[in-house]
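As a plain string of letters, each chain reads:
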Amino acid sequence: QVQLVESGGGLVQPGGSLRLSCLASGFTFSRYEMSWYRQAPGKERELVAAITSGGSTNYADSMKGRFTISRDNAKNTVYLQMNSLKPEDTAVYYCNARRSILGHTIDYWGQGTQVTVAS
């Protein structure tokens, strides 16, 4: 059974930091690209950051320099370190695992973790 379980969300003041974790199980974690997405109320889900199976990273422009994605294949876990948080970073953050095989894309999603940035 595939599971992606996010943790680490919560309430933080502007300028603060949080580290999100996503523990994966039920599939070969090391072979999947892992990403963090977020969805704010009334907005569409958007990509925050991604890390390939080889460790290459990609960030949305508004997160560059503030967020860092990393993975530990031995622990089947992907992390998102978020620094200098702003109120506009408030959203539900979702973990995603994706792999394309012969043109077919496999997508797994976590249940999300709430991040609220407020004073």
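So, here's what we can say about the structure. Quick caveat, the model's predicted, so the values are computed rather than measured. (Residues numbered from 1 in each chain as written. Predicted model: local features only at pLDDT ≥ 70, side-chain atom pairs only at ≥ 80, totals over all residues. Heavy atoms only, no water.)

**A word on the environment of methionine 63**
Part 1 of the argument: Looking at the secondary structure, you find methionine 63 in the loop between strand 6 (57–59) and strand 7 (67–72).
Part 2 of the argument: A relative accessible area of 0% means that methionine 63 is categorised as buried.
Part 3 of the argument: Sequence-wise, methionine 63 and leucine 85 are 22 residues apart; in three dimensions their C-alpha atoms are separated by 9.6 Å.
Part 4 of the argument: Not counting residues within four places of it along the chain, the set of residues in contact with methionine 63 comprises Arg38, Glu46, Leu47 and Val48. (Helix = DSSP H or I, 4+ residues; strand = E, 2+ residues; numbered from the N terminus. Buried < 20%, exposed > 50% of the residue type's maximum accessible area, 1.4 Å probe, protein only. Contact = heavy atoms within 4.5 Å.)

**Description of the environment of valine 78**
Part 1 of the argument: Among the secondary structure elements, valine 78 is positioned in strand 8 (residues 77–82).
Part 2 of the argument: Taking relative accessible area as the criterion, valine 78 reaches 0% and is therefore assigned buried.
Part 3 of the argument: Setting aside chain neighbours within four positions, we find valine 78 in contact with Leu20, Ser21, Cys22, Phe29, Met34, Trp36, Ile51, Ile69, Ser70, Arg71 and Cys95.

**Things to note about the sheet that holds strand 8**
Part 1 of the argument: Taking strand neighbours across the sheet as the criterion, the four strands line up as 1-3-8-7 in an open arrangement whose pairing is antiparallel. Edge positions in the sheet fall to strand 1 (3–7) and strand 7, since each has one partner strand and no second. Averaged over all adjacent pairs, the angle separating strand axes in this sheet is 15°, with direction ignored.
Part 2 of the argument: Where strand 7 meets strand 8, six bridges bridge the pair, whose relative direction is antiparallel. Counted as the bridge partner of phenylalanine 67 is methionine 82 from strand 8. (Pairing = 2+ DSSP bridges. Axes fitted to C-alpha atoms, helices over the stretch in contact; angles between N-to-C directions.)

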